[in-house]
Protein chains: 4
Amino acid sequence: MPGTPPSRFVYLGPEGTFTEQALRTIPAAEHGARTPARSVPEALDGVRSGDFDAAVVPLENSVGGAVPVTLDELVAGDPLTITREIVLPVRFQLAAPAGTRLPGIRSVAAHPQASAQCRHWLRAHLPDATVVDVLSNGAAAAATADGRYDAAICAPIGADRHRLAVLADNIADHDDAVTRFVMVARPGSPPPPTGDDVTSLAVYIAHDRVGALLAVLTELSVRGINLTRIESRPSGEGLGRYVFFLDCTGHVADARLGEALQGLRRTCADVRFLGSYPRHRWTGSAAERPVPAPPGLSDADVADSAAWLARIRAGQPA
Amino acid sequence: MPGTPPSRFVYLGPEGTFTEQALRTIPAAEHGARTPARSVPEALDGVRSGDFDAAVVPLENSVGGAVPVTLDELVAGDPLTITREIVLPVRFQLAAPAGTRLPGIRSVAAHPQASAQCRHWLRAHLPDATVVDVLSNGAAAAATADGRYDAAICAPIGADRHRLAVLADNIADHDDAVTRFVMVARPGSPPPPTGDDVTSLAVYIAHDRVGALLAVLTELSVRGINLTRIESRPSGEGLGRYVFFLDCTGHVADARLGEALQGLRRTCADVRFLGSYPRHRWTGSAAERPVPAPPGLSDADVADSAAWLARIRAGQPA
Amino acid sequence: MPGTPPSRFVYLGPEGTFTEQALRTIPAAEHGARTPARSVPEALDGVRSGDFDAAVVPLENSVGGAVPVTLDELVAGDPLTITREIVLPVRFQLAAPAGTRLPGIRSVAAHPQASAQCRHWLRAHLPDATVVDVLSNGAAAAATADGRYDAAICAPIGADRHRLAVLADNIADHDDAVTRFVMVARPGSPPPPTGDDVTSLAVYIAHDRVGALLAVLTELSVRGINLTRIESRPSGEGLGRYVFFLDCTGHVADARLGEALQGLRRTCADVRFLGSYPRHRWTGSAAERPVPAPPGLSDADVADSAAWLARIRAGQPA
Amino acid sequence: MPGTPPSRFVYLGPEGTFTEQALRTIPAAEHGARTPARSVPEALDGVRSGDFDAAVVPLENSVGGAVPVTLDELVAGDPLTITREIVLPVRFQLAAPAGTRLPGIRSVAAHPQASAQCRHWLRAHLPDATVVDVLSNGAAAAATADGRYDAAICAPIGADRHRLAVLADNIADHDDAVTRFVMVARPGSPPPPTGDDVTSLAVYIAHDRVGALLAVLTELSVRGINLTRIESRPSGEGLGRYVFFLDCTGHVADARLGEALQGLRRTCADVRFLGSYPRHRWTGSAAERPVPAPPGLSDADVADSAAWLARIRAGQPA
């Protein structure tokens, strides 16, 4: 029912990963049902089918980049919209059964995003170990506890849950890395504007790529809309054909973002609206400082120009 | 009173020029009072002061270019708006007292716009005659009838009124030249949109001219607004400082032109709205063919994108 | 002969006008022959035919704007190039035969540019006088001395030469007005770059005017070329068809201006190069301050990027 | 030694993957030494250190998208350049020990790119099987032959080498998927232009992202350079900070690409040149048709504009 807060949550499992940690920052989730899914597609399809009210999945990491499967799934099936973002600092540990010592480690289980973010540490401290890709940080801890690998790169919640000893803490190459998660629901009225919102879009452009991408950016730039993220993913039609994922400053209810969206609708092969939601403000050195509006494009300027136009249309002194 | 059609007309005199001819194409003017003014400033000030309801003055000629005094006066004093345009084909005659023969002509009176448009004819047929600038085509005919000059370049109405013989007809170098006149009134609600309208603006840009002029054109281009005229005039602040006069396709009541106007208001040092009015359609080889809207910018596209945005904002299927 | 300085000069006459004054700021002209022409076309044709080495004609005034006939003539016939610019402050006087008093003045002879620049003074001091357009400031003084008009607006040199009394001095509405003159010769190698040069162009664009004009400005903007003048003149093909006259910062020998020129050649219907020549630096409140190069587009940046490219092409460390 | 063809090759192992297959399309590799590396970083570091002359690694897949580790490694250490691209059609098989039947399969080993490309097939035919990420297609086949998993998604070369039975062939959701590999060497003179080349760049832009990315695209667009790929990767400085990987049409030795590169050097925070090399032409429905040059930007247009500029600079008739 519209207006009912979500109470049935699904998230990318297994338990004991950063995604569960992200979900639990949301008060409603503490009181609701929380179900781990085996994959991002499974989580999102659970929302599409109505089995769940909302899904929490990872979208991007400040070091590892986008999570391709999330992007692909957001545009592949029935429409879904993002209703919230959660940004979490990432903290990786090397964990192993008690008694393990670094020189004896031959195999390390890690999610590829995790091993990518600990690359320099691994080269420096475990140059001869084989890094084995596993499905998640939680799975790495579990498989290490089971004795399949000598050690795991995992989150504190994973080492804890699987009773592993922490051989090294904060092993990420960038100690200020963050992961951004999104909560996704079936389409509905977006949350109201807060004055500091993000709007996510998927944009398909036609064949002439320089000109078409220029046109997309010009539609935004002319309205003073800033981009905080741009990712390309193959559209599946061949090398060189892309869908662009854009995160813009502003809310779909804003006049200027409304103008820009209409412009994109007209100039692009297709545009999929993926949601307007409050920006998650976090602290730390990786936190994005808001970009001030360019000259003439503050909210006050926009209001002034709208009032001026109204006077002209009414035949009043401008 | 608003809604009352104008009945007191002033026009750039004297009688017997193209401007009077332009005024008389307007039905209301046939029944109203028609007063010639000695100059464009006098005509426009007569409207500003309330002595007249509307003024007809020349704005540009397809060969001679803009009429600078009209542009300057439109932005110099209290606001005025253009409510109508009239485009007249230009037909120049060489007229002289009966009995005059070409070889005997030593002096030719002509308005500078007229002599500029007959330049090649004059070089070919009267290479040794002195061309004397006079204030108007009507004044050329009058002064020739008075015997001050041997011949005049004038309009048919002028030769006729001053009983001059026509030594040569259609002497303009471009036989399809036209002059565009505008009717100007005190500000008020613009005439309603007709689907084929022109909007005139005066735009002041800041110091960095390439970037600023690019920004102006981008505001128009992004909304699919075409320019049919661009003129620069000195703003009076020194060499290199301009006010630009723009004629755009569309009406201030149109959504897309409204967006573009707001954008200009925000990015330019100043914008003066000079009116939205129906385009005068005339025939002939110099007639401007309408430029089709670029892809994605037809009125249907604009309506489609507005409806799409409304659905998104309402949380309905897009 | 190439390399021989010009010695036979023609200028827009008659004697006693600002144009003669501009010519005489050039040392070579003091020693050469100086011939007045009756019109701008006559002056330029005298250079085209080889009768003269160079012509000096007015191009624009900081208040009255462009001199249309000069622009039109520069693109109408065989190519000519500008080799020098001269900027003169403009000083207008009201001059009349000795004994004349203001209240008795019924007619004032003036060049239209002159009366336009003294408009407010005339309204305030001679509201009832008829202003008669004449061909030049010099002609105004001469005709007043002959008794045809009661007074003249003219240059100091004109009042002086025709022994008129000065009834009012510095009567221009803008006391810092300047006129810009150009010296024009048959095409040849441009004068060498000085580091502070101007390049003049005439650019014809195709039908879609917003897009095409945007493309022209983008070619300049991308290379950090600034515009110091942009004028449109009818191309003669009908309302809405223009040739644009551009003055750009830089010299045709500069790498960046060379790039921009090639870009214009490719994107425009036609480009006519009108010359590269040193900027005339004058003082006074109307003087244009040089616009600093935008970030990344200083001469040093351009040299750095050229050296970087050369290293890459040579396979050297970048 | 410069000019000596490479003879010591390293490639992303293990044996029996598409990468080995790509390497073996190069004649020199058939006669040289071919060494598998355990990872992309290991392969590229082997070239940086001088142990190998060239490395072959995957760059992108038409369905799965970019290979992030390759992008990150290309910009992370000492410069390397791409000297060749190889595009291979992708053909996936489901392989298992002889006697295995579909209904009995509980676990499927697959590289994440492979399982992503066979997603729909897996949902339709093995909805209940667990898909286990492994490091490579070759590793999937090997681990299945070892009995660790019930089946593998792999390349024909992998099934063959590990004596697995093919349960299903051509199981990719897009039957025309291709993978693009690059050969990478230490910096040196690029291969000569062929008339159909690609240039790869990594571009860092400053903080204002819309404006800065617009500037990058404008530098390319103005010179008629087309983009065939644009990928963003986190620059490691926080969410919203990117390095863009661009593939452009043309060769660094071309005049127009040289201009564009200099422009990027001037406007971007940093540019890393990653190589100019012949475009690999392959056939099939996914093959990118070359985009014709926009009007005015063909090679003939570029040559014409260069010749025109040379004439102007020499003072010759244009």
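Residues numbered from 1 in each chain as written. Chains lettered and ligands numbered in written order. Predicted model: local features only at pLDDT ≥ 70, side-chain atom pairs only at ≥ 80, totals over all residues.

Identification of chain A as Prephenate dehydratase from Plantactinospora siamensis is taken from an unreviewed UniProt entry. According to its UniProt record, chain A has this under Pathway (unreviewed entry): "Amino-acid biosynthesis; L-phenylalanine biosynthesis; phenylpyruvate from prephenate: step 1/1." (UniProt positions renumbered as here; feature names shortened; annotations may be inferred.)

> Mind showing me how you'd approach the overall build of chain A here?
When its secondary structure is counted, chain A shows 11 helices and 15 strands. Taking the principal axes of the C-alpha coordinates as reference, chain A spans close to 85 × 45 × 40 Å. Looking at chain A residue by residue over its 318 residues, the buried ones come to 54%. (Helix = DSSP H or I, 4+ residues; strand = E, 2+ residues; numbered from the N terminus. Buried ≥ 20, exposed ≤ 12 C-beta atoms within 10 Å, placed from the backbone.)

> When you look at the relation of the copies chain A and chain B in this model, what are you seeing that I'm missing?
Between the two copies, chain A and chain B, the superposition gives an RMSD of 0.1 Å; the rotation angle is 179° and the shift along the axis is 0.0 Å. Classification of the inter-copy transformation places it as that of a two-fold axis. Residue by residue, 100% of the interface of chain A is reproduced at the interface of chain B, so both copies engage with the same surface. (Least-squares fit on C-alpha atoms with pLDDT ≥ 70 in both. Contact = placed C-beta atoms within 7 Å.)

> How should the interface of chain A and chain B be read in this particular structure?
You'll often see interface size given as the accessible area lost when the parts meet. Listed by partner, the interface residues are 31 residues for chain A and 31 residues for chain B. Elements represented by at least two residues in the side of chain A that touches chain B include exactly α9 (209–222), α10 (255–267) and α11 (299–313) of chain A.

> What should I look at first to understand the sheet that holds strand β14 (residues 242–249) of chain D in this one?
Either a parallel or an antiparallel arrangement is found when strands of a sheet pair, and the pairing is made through backbone hydrogen bonds. Residues and elements named next belong to chain D. Strand order in the open sheet formed by four strands is β13-β14-β12-β15, with antiparallel pairing between adjacent strands. Both edges of this open sheet fall to β13 (227–234) and β15 (270–278), since each of them pairs with a single strand only. Each adjacent strand pair in this sheet contributes to an overall mean axis angle of 15°, direction not counted. In the sheet, β13 pairs with β14 via seven bridges, with the strands oriented antiparallel. (Pairing = 2+ DSSP bridges. Axes fitted to C-alpha atoms, helices over the stretch in contact; angles between N-to-C directions.)

> Which parts of the structure should I look at to understand the relation of the copies chain A and chain D?
Mapping between the two copies of the chain is achieved by a rotation about an axis and a shift along the axis. If you rotate chain A by 180° and push it 0.0 Å along the axis, it lands on chain D with an RMSD of 0.1 Å. A share of 98% of the interface residues of chain A reappears at the interface of chain D, consistent with the copies meeting face to face through the same patch.

> How should the arrangement of the chains be read in this particular structure?
Looking at chain A next to chain C, you find no contact at all, with the nearest C-alpha pair sitting 12 Å apart. A minimum C-alpha distance of 12 Å separates chain B and chain D, which share no contact.

> Would you mind showing me how to read the sheet that holds strand β15 (residues 270–278) of chain B here?
Residues and elements named next belong to chain B. Read across the open sheet, the four strands follow the order β13-β14-β12-β15; overall the sheet is antiparallel. Edge positions in the sheet fall to β13 (227–234) and β15, since each of these pairs with one other strand and no more. Going from strand to strand, the sheet's axes swing by 15° on average, the running direction of each strand aside. Pairing geometry for strand β12 (residues 197–204) and strand β14 (residues 242–249), over seven bridges, is antiparallel. Bridging across to β14, Val-203 finds its partner in Phe-244.

> Looking at this structure, I do not really get the interface of chain A and chain D. What am I missing?
Of the residues lining the interface, 40 residues belong to chain A; the matching set on chain D comes to 39 residues. Contributions of two or more residues to the side of chain A that touches chain D are made by α4 (68–76), β11 (178–185), α9 and β13 (227–234) of chain A. Take the side of chain A that touches chain D: its biggest share by element is nine residues, from α9(A). Residue classes in the side of chain A that touches chain D are distributed as 19 nonpolar, 13 polar and eight charged. (Nonpolar A, V, L, I, M, F, W, Y, C, P; charged D, E, K, R; others polar.)

> What is the right way to read the nonpolar core from this model?
Taken as a class, soluble globular proteins show a tendency for nonpolar side chains to be buried jointly. If you look at the biggest cluster of nonpolar residues, it comprises 199 residues, and the most contacted ones within it are Ala152(B) and Ala152(C). Apart from residues lying up to four places away in sequence, Ala152(C) is in contact with Ala95(C), Val108(C), Ala109(C), Ala110(C), Ala140(C), Ala141(C), Thr144(C) and Leu164(C). By size, the runner-up hydrophobic cluster in this structure holds 198 residues, among which are Leu126(A), Tyr242(A), Tyr11(D) and Cys268(D). (Core = buried A, V, L, I, M, F, W, Y, C linked by C-beta atoms within 7 Å.)

> Sorry if this is basic, but what is going on with unusual backbone geometry here?
What you tend to see is this: most non-glycine residues have negative phi, and most peptide bonds are trans. Geometrically, the link from Gly13(B) to Pro14(B) is a cis peptide bond, its omega value of 5° lying close to zero. Residue position: Pro14(B) is located in the loop between β1 (8–12) and α1 (18–23). Positive phi, normally seen in glycine, also occurs at Asn170(C), with a value near 50°. Considering the arrangement of structural elements, one finds Asn170(C) in the loop between β10 (165–169) and β11 (178–185).

> Mind showing me how you'd approach the domain arrangement of chain A here?
Residues and elements named next belong to chain A. When the domains of chain A are assigned, the result is domain 1 (8–90 + 177–188), domain 2 (93–169) and domain 3 (189–286). A C-alpha centroid distance of 24 Å is found between domain 1 and domain 2. The interface of domain 1 with domain 2 comprises 10 residues on the first partner and 12 residues on the second. Taken together, the residues that form the side of domain 1 that touches domain 2 break down as four nonpolar, five polar and one charged. (Domains from an automatic or database assignment.)

> Teacher, can you tell me more about the packing of helix α10 (residues 255–267) of chain C against helix α11 (residues 299–313) of chain D here?
Working note: a packed helix pair is described by the angle between its axes plus the distance between those axes. Following both chains from N to C, one finds α10(C) and α11(D) inclined at 125°, their axes separated by 9 Å at the closest point. In terms of their interaxial angle, α10(C) and α11(D) are classed as oblique. In this structure, the crossing between α10(C) and α11(D) has a hand that is right-handed. Counted together, Gly258(C), Leu261(C), Gln262(C), Arg265(C) and Arg266(C) of α10(C) and Asp301(D), Ser305(D), Ala306(D), Trp308(D) and Leu309(D) of α11(D) form the full contact between these two elements. For the contact of α10(C) with α11(D), the residue count by class is four nonpolar, three polar and three charged. (Parallel < 35°, antiparallel > 145°, perpendicular 65-115°, else oblique. Left-handed = near helix turned anticlockwise from the far one by under 90°.)

> Would you mind showing me how to read the environment of Arg119(C) here?
Relative to the helices and strands, Arg119(C) resides in helix α6 (residues 119–125). A sequence separation of 159 residues divides Arg119(C) from Pro278(C), and the C-alpha atoms of the two residues are 33 Å apart.

> Help me understand the UniProt feature "domain: Prephenate dehydratase" (unreviewed entry) in chain A in this model?
Residues annotated in UniProt with the feature "domain: Prephenate dehydratase" (unreviewed entry) correspond here to residues 8–186 of chain A. Annotated as residues 8–186 of chain A, this span is 32% helix and 32% strand, and its ends, taken at the C-alpha atoms, are 13 Å apart.

> Just checking my understanding: could you explain the pairing of strand β7 (residues 107–110) of chain D for this structure?
Regular strands place their side chains on alternate faces of the sheet. By the bridge criterion, four bridges tie β7(D) to strand β8 (residues 130–133) of chain D in an arrangement that is parallel. Bridging across to β8(D), Ala110(D) finds its partner in Asp133(D).

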